Amino acid sequence: MAAASSSDSDSGRAESSEASSKWLDAHYDPMANIHTFSACLQLADLHGDGEYKLVVGDLGPGGQQPRLKVLKGPTVLSESPLPALPAAAATFLMEQHEPRTPALALASGPCVYVYKNLRPYFKFSLPQLPPNPLEQDLWNQAKEDRIDPLTLKEMLEGIRGKAEVPLSVQSLRFLQLELSEMEAFVNQHKSKSIRRQTVITTMTTLKKNLADEDAVSCLVLGTENKELLVLDPEAFTVLAKMSLPSVPVFLEVSGQFDVEFRLAAACRNGNIYMLRRDSKRPKYCIELSAQPVGLVRVHKVLVVGSNQDSLHGFTHKGKRLWTVQMPAAILTMNLLEQRSRGLQAVMAGLANGEVRIYRDKALLSIVRTPDAVTSLCFGRYGREDHTLIMTTRGGGLIIKILKRTAVFVEGGGEAGPPPAQAMKLNMPRKTRLYVDQTLREREAGTAMHRTFQADLYLLRLRAARAYAQALESSLSPVSATAREPLKLHAVVQGLGPTFKLTLHLQNTSTARPILGLLVCFLYNEGLYALPRAFFKVPLLVPGLNYPLETFVESLSDKGISDIIKVGCRLVLVGEVSVSECGQGPRVAARMGWVSAQ
């Protein structure tokens, strides 16, 4: 045990030293008070001076005080409050004019707030949705004092449970009030018109007409009413609208809007939908076995993290390429791109305090942190090209810099799948017998099929004859007619010469009980002796099993067996054969339905 523990500690030190050899610890502040996720982290040159800054959509402690923070190095450069919790942040170029300063878009509630030079520039609000007509009619009646608040609440609750169109925020707030607060709420809001507003769930950017890094980009929004909107970067009008079967939570886009693009949307129903430029509805669907917790596009592969602690790689047409199991739950995911070496990999923050970096299913590196990481961001920060920024569950901020001499090698973190898993099997050559059989099947395929069909029909005929014979000879333990809803099952126990015979009676009808049933045993008195050969059966309730027990004593010492018949007034007859042979007794049972005598 000591040797094993020492080897584990040595391997842990080797892995940590391997990770530290690639990364420089630039900053760690466990009290930074930053609570966010990866979609609300962005690195951008906001002032056009070559100094990249970190934009954070901070949820605030407990989600109570959302704020927009801009960090320069380890310090907060500016901070401004937000009206609602942020859903996503993105930086994009709005126009080709100089200076080429990117704009910052922050999705919060039903609005997208656009900033230029860290100053408010534009506010885009989602179009309002038509209200529920039944809800509108109820508030009109409340406005005219034709219904009281209690009746209004009852009718709104009925609409909420059945209507396809959800209720407005005003009605939902009204349903949460106490009885004493309803009248004041109705008097305050009955004169206002009903408005139903959706909210933004996710956001990303899409190049408009060029694939260059500094090209103009459009905003792609996912909304709570199962829609995707593409916004014009200058006029902020809706260029395209697409519908989804569920609410999108993660988006990945490739291509250009004016040429051709592909859009992958991971939704709350556990599916990933693929859309093209001219499609208003999804073209392909990837069905996952669990809920997605992250979606990253690495080259032409979609890497999906699920809440079953696993990473999956898919093509754009939905073909699964690989699966990697994680040692802990996945909390966040993001892309690591090292353009100087042409490297693209996926980063996964785990609940055990690890950040794992994978290229396809090969593990490249492991970064261990003091606390579980909830958001990741990799890119240019300040003057450094390759900076890894992480925020922890407790609100801490971790900044690491990738060394310029660092090289990611497959298997550098931990041993992944064995190399033999990727090797092709040495398949044997086709033998002469295999070739001859193949030619025979190809030439005589029709005759072989006809022979198979003839044998199949013969098998069905024999099965039908055997079933008919079983019904005629009363070999079935269940009644074949609805007039006799009984089921009999006999069990013989013991080694001999005394056996225990148990009859199980069951009423198979649905609602009709059976009363006054008499059961008797008919047997050869020269071979068997029964102390109790007559039973008076109690009331048989449908569905219950009633056991009736008696003992059978074999009088013959030559192993001769005979049939014991069980008769009753409802024409239920069973046959039980009890015998002794060889070194021990042999028991056989046969039951059936016959006509009453």
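Model, not experiment: these values are computed from the prediction.

Sorry, what's going on with the packing of aromatic side chains here?
The geometry of an aromatic ring pair comes down to the distance between the two centres and the angle between the two planes. Applying the stated criterion across every chain yields a total of 5 aromatic pairs. With a centroid separation of 4.6 Å and an interplanar angle of 15°, the aromatic rings of Phe122 and Phe236 are classed as stacked. Placement of the pair is Phe122 in strand β9 (residues 119-125) and Phe236 in the loop between β12 (227-231) and β13 (238-243), with a sequence separation of 114 residues. With a centroid separation of 5.8 Å and 70° between ring planes, the pair formed by Trp139 and Phe174 is classed as edge-to-face. Taken together, the residues Trp139 in helix α2 (residues 133-143) and Phe174 in helix α4 (residues 169-175) connect sequence positions 35 residues apart. Using a relative accessible area of 0% as the deciding quantity, one classes Phe174 as buried. Aromatic ring contacts, followed pair by pair, group Trp139, Phe174 and Phe185 into a single cluster. One cation-aromatic arrangement involves Lys116 over Tyr121; the distance from NZ or CZ to the ring centre is 5.6 Å. A cation sits over an aromatic face here: Arg277 above Phe257, 5.9 Å from the ring centre.

Mind showing me how you'd approach the confidence of the model for the protein chain here?
On average, residues of the protein chain score 81 in pLDDT, and 87% of them reach the 70 mark or higher. Taking the mean pLDDT of every element in the protein chain, the minimum, 35, falls on strand β37 (residues 584-593) and the maximum, 91, on strand β20 (residues 310-314). Contacts of residues 571-597 to residues separated by more than four positions or lying in other chains number 96 contacts, the stretch itself having pLDDT below 50.

Honestly, the packing of α2 against helix α3 (residues 149-162) in this entry has me stumped. Any pointers?
Between two packed helices, what matters for the description is the angle formed by their axes and the separation of those axes. The geometry of α2 relative to α3 is characterised by a closest axis approach of 10 Å and an angle of 175° between their N-to-C directions. Between α2 and α3, the angle is such that the two are roughly antiparallel. Packed against α2, whose contacting residues are Leu134, Glu135, Leu138, Trp139 and Ala142, the element α3 presents Leu152, Met155, Leu156 and Ile159 at the interface. Broken down by class, the residue content of the contact of α2 with α3 amounts to 8 nonpolar, no polar and 1 charged.

What is the right way to read the pairing of strand β15 (residues 260-267) from this model?
Every regular strand shows the same layout, with side chains that alternate between the two sheet faces. With 6 of 8 residues buried, β15 lies mostly within the body of the structure. Bridge count for strand β14 (residues 248-256) against β15 is 8 bridges, and the pairing is antiparallel. Note that in β15 the partner of Val253 across the bridge is Leu263. In this sheet, strand β16 (residues 271-276) lies alongside β15 in antiparallel orientation, the contact comprising 5 bridges. Paired with Leu263 across the bridge in β16 is Leu275. Hairpin geometry of β15 and β16 is characterised by an intervening segment of 3 residues between the two adjacent antiparallel strands and by a positive phi of about 85° at Gly270.

Whenever I open this one, α3 confuses me. Can you help?
Structural remark: α-helix, 3.6 residues per turn; residues separated by three or four positions point the same way. Along its 14 residues, α3 runs 20 Å from first to last C-alpha, staying within 8% of the 20 Å computed at 1.5 Å per residue. Residues of α3 that are buried include every one of Leu152, Leu156 and Ile159, and no others. Buried positions in α3, seen along its axis, are confined to an arc of 60° and lie on one side of it. The outward face of α3, more than 90 degrees from its buried face, is lined by the exposed residues Glu154, Gly161 and Lys162. In this structure, the buried residues of α3 make contact with α2, α4 and α5 (179-189).

I tried to follow the sheet that holds strand β32 (residues 528-529) on my own but got confused; where do I start?
Within a sheet, each strand pairs with its neighbour through backbone hydrogen bonds, oriented either parallel or antiparallel. Ordered by their spatial adjacency, 4 strands build an open sheet running β29-β30-β34-β32, and the pairing between neighbours is antiparallel. Each of the sheet's edge strands pairs with one partner strand only, and the pair in question is β29 (486-493) and β32.

I would appreciate a short explanation of the sheet that holds strand β3 (residues 53-58) in the present structure.
The 4 strands are arranged β2-β3-β4-β5 in an open sheet whose pairing can be described as antiparallel. Taken across any chain shown, the strands that pair with only one partner, and hence form the sheet edges, are β2 (41-44) and β5 (75-81). With direction set aside, neighbouring strand axes in the sheet form an average angle of 20°. The sheet contact formed by strand β4 (residues 67-72) and β5 spans 6 bridges and is antiparallel. Its bridge partner lying in β5, Lys72 is registered against Thr75.

About the cut-offs
Residues numbered from 1 in each chain as written. Predicted model: local features only at pLDDT ≥ 70, side-chain atom pairs only at ≥ 80, totals over all residues. Heavy atoms only, no water. Phe/Tyr/Trp six-rings, centres within 6.5 Å; stacked < 30°, edge-to-face > 60°. Helix = DSSP H or I, 4+ residues; strand = E, 2+ residues; numbered from the N terminus. Buried < 20%, exposed > 50% of the residue type's maximum accessible area, 1.4 Å probe, protein only. Lys NZ or Arg CZ within 6 Å of the ring centre and 35° of its normal. pLDDT = per-residue confidence, 0-100. Contact = heavy atoms within 4.5 Å. Axes fitted to C-alpha atoms, helices over the stretch in contact; angles between N-to-C directions. Parallel < 35°, antiparallel > 145°, perpendicular 65-115°, else oblique. Nonpolar A, V, L, I, M, F, W, Y, C, P; charged D, E, K, R; others polar. Pairing = 2+ DSSP bridges. Expected span 1.5 Å × (residues − 1). Arc of directions from axis to C-beta.

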